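# Overview (structure and organization)
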Amino acid sequence: MRLTIVGCAGSTAGPDSPASCYLLEAEDQDGRMWRLVMDLGSGAIGPLQRYCDPARVDGVLVSHGHPDHCADLGALSVLRRYGPARDEDLPLIPLLGPEGLDRRVHEVAGDPDGADMDVFDYRPLAHSDVTHLGPFTITAARARHPVPALAYLVSAGDSHLLFTGDTDRCDEVDDLAARAGLILGEAGWGTREVNPDGVHMTGDQLGRMTAEAGVESLIVTHVASWIDPQPTLAAVRRHVPLACLARPGHVHGF
Ligand SMILES: [Zn+2]
Ligand SMILES: [Zn+2]
């Protein structure tokens, strides 16, 4: 499996990165390459076009309905309906995510009766659901966040990636972490010491979660776009020495 970091800025797009967006690629048994986009946060539809044709991706997997994770679903719909592929008879794009994601697309578009969902085949997911898309097997787990949110274990062959989405530390995500070979984990609270419950992890919490799961490969993401991520990385590395920061354009094969 191949992971490309499209955007990794936490909470808003930043000067050097769009908000949350990742491209996963894996071949099926017939040698066909499948492309799965994880999250499509604010600003991501632009640079995503460097790595693939967004109108032709095989699916979009969304962690939750905050704008830094889903705002550009509307932009993808516009690109598909009015862009170069508009007259082609392409299949609907599978859209996988928590309950209510279809309403969020309409809310972002500002038109409750609009056509923004027409290009998607929406498949709501809930805790412990397992679903298949080409070579990918996707297992969902309830995350701890102020809105319905899911973390995902995405597997293809012997590769297993945990994407935490946005979450405070919780048993459900810990259980998925124990099955992962690589963790793409959020540290939205950075090095802040006093934080509200049930929103994000600090770098220290993310490092502890990863170490306790016995996972050595960790990409730290969703550090707020307005802070220096290095102190957060240092906090993570006290538990996971090989951890690295997500950076736009970086490709990780695993
Ligand atoms: Zn977020
Ligand atoms: Zn969020």
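See the structure above.
Residues numbered from 1 in each chain as written. Chains lettered and ligands numbered in written order. Predicted model: local features only at pLDDT ≥ 70, side-chain atom pairs only at ≥ 80, totals over all residues. Heavy atoms only, no water.

## Brief notes about the coordination of the zinc ion (ligand 1)
- For the zinc ion (ligand 1), the full set of protein donor atoms is D68 (OD), H69 (NE2), D166 (OD) and H222 (NE2), at a range of 2.1 to 2.2 Å.
- Bound by 4 donor atoms, the zinc ion (ligand 1) shows angles of 89 to 166 degrees at the metal and therefore irregular coordination geometry.
- Between the donor residues of the zinc ion (ligand 1), the gaps in sequence give the motif D-H-x96-D-x55-H.
- The metal-metal distance between the zinc ion (ligand 1) and the zinc ion (ligand 2) is 3.5 Å, with D166 coordinating both. With H69 in helix α2 (residues 67-70) and H222 in the loop between β12 (217-221) and α7 (230-237), this residue pair connects regions lying 153 residues apart in the sequence. (Donors = N, O, S within 2.8 Å, 3.2 Å for Na, K, Ca; no water. Tetrahedral: all angles 85-135°; square planar, octahedral: opposite > 155°, others 65-115°. Helix = DSSP H or I, 4+ residues; strand = E, 2+ residues; numbered from the N terminus.)

## What about the coordination of the zinc ion (ligand 2)?
- Donor atoms from the polypeptide that coordinate the zinc ion (ligand 2) comprise H64 (NE2), H66 (ND1), H145 (NE2) and D166 (OD), at 2.1 to 2.4 Å from the metal.
- Classification of the site at the zinc ion (ligand 2) rests on its 4 donor atoms, whose angles at the metal span 92 to 165 degrees, yielding the label irregular.
- Spacing between the donor residues of the zinc ion (ligand 2) along their common chain follows H-x1-H-x78-H-x20-D.

## Brief notes about the side chain of S20
- Within the element layout of this structure, S20 appears in the loop between β1 (2-7) and β2 (21-27).
- Since its relative accessible area comes to 3%, S20 is described here as buried.
- Excluding residues that lie within four positions of it along the chain, S20 makes contacts with G7, A9, D39, L40, G41, D68, H69 and F163. (Buried < 20%, exposed > 50% of the residue type's maximum accessible area, 1.4 Å probe, protein only. Contact = heavy atoms within 4.5 Å.)

## Thoughts on the packing of aromatic side chains
- As enumerated under the stated definition, the model contains 1 aromatic pair in all.
- Sitting over the ring of W34, R32 keeps its end group 3.9 Å from the ring centre. (Phe/Tyr/Trp six-rings, centres within 6.5 Å; stacked < 30°, edge-to-face > 60°. Lys NZ or Arg CZ within 6 Å of the ring centre and 35° of its normal.)

## Some thoughts on the sheet that holds strand β13 (residues 244-245)
- Overall, mixed pairing links the 7 strands, which are arranged β7-β8-β9-β10-β11-β12-β13 in an open sheet. Whereas interior strands pair on both sides, the edge strands pair on one side only; in this sheet they are β7 (130-133) and β13.
- The pairing of β12 with β13 spans 2 bridges and is classified as parallel. Note that in β13 the partner of I219 across the bridge is C244.
- Contacting β10 (159-163), β11 (182-186) and β12, helix α6 (residues 203-212) crosses the sheet at an angle of about 160 degrees to β11. (Pairing = 2+ DSSP bridges. Axes fitted to C-alpha atoms, helices over the stretch in contact; angles between N-to-C directions.)

## Description of the pattern of salt bridges
- Under the definition given, this model contains 15 salt bridges.
- For R2, the salt bridge goes to E25, with nearest N and O atoms at 3.1 Å. Pair noted here: R2 is in strand β1 and E25 is in strand β2, with a separation of 23 residues, a long-range link.
- Looking at E25, the relative accessible area reads 5%, which means it is buried.
- The partner of R104 in a salt bridge is E107, and the shortest N-O contact between them spans 2.6 Å. Within this pair, R104 and its partner E107 are both found in helix α4 (residues 101-109), separated by 3 residues, close to a single helical turn. (Salt bridge = Lys/Arg side-chain N within 4 Å of Asp/Glu carboxyl O.)

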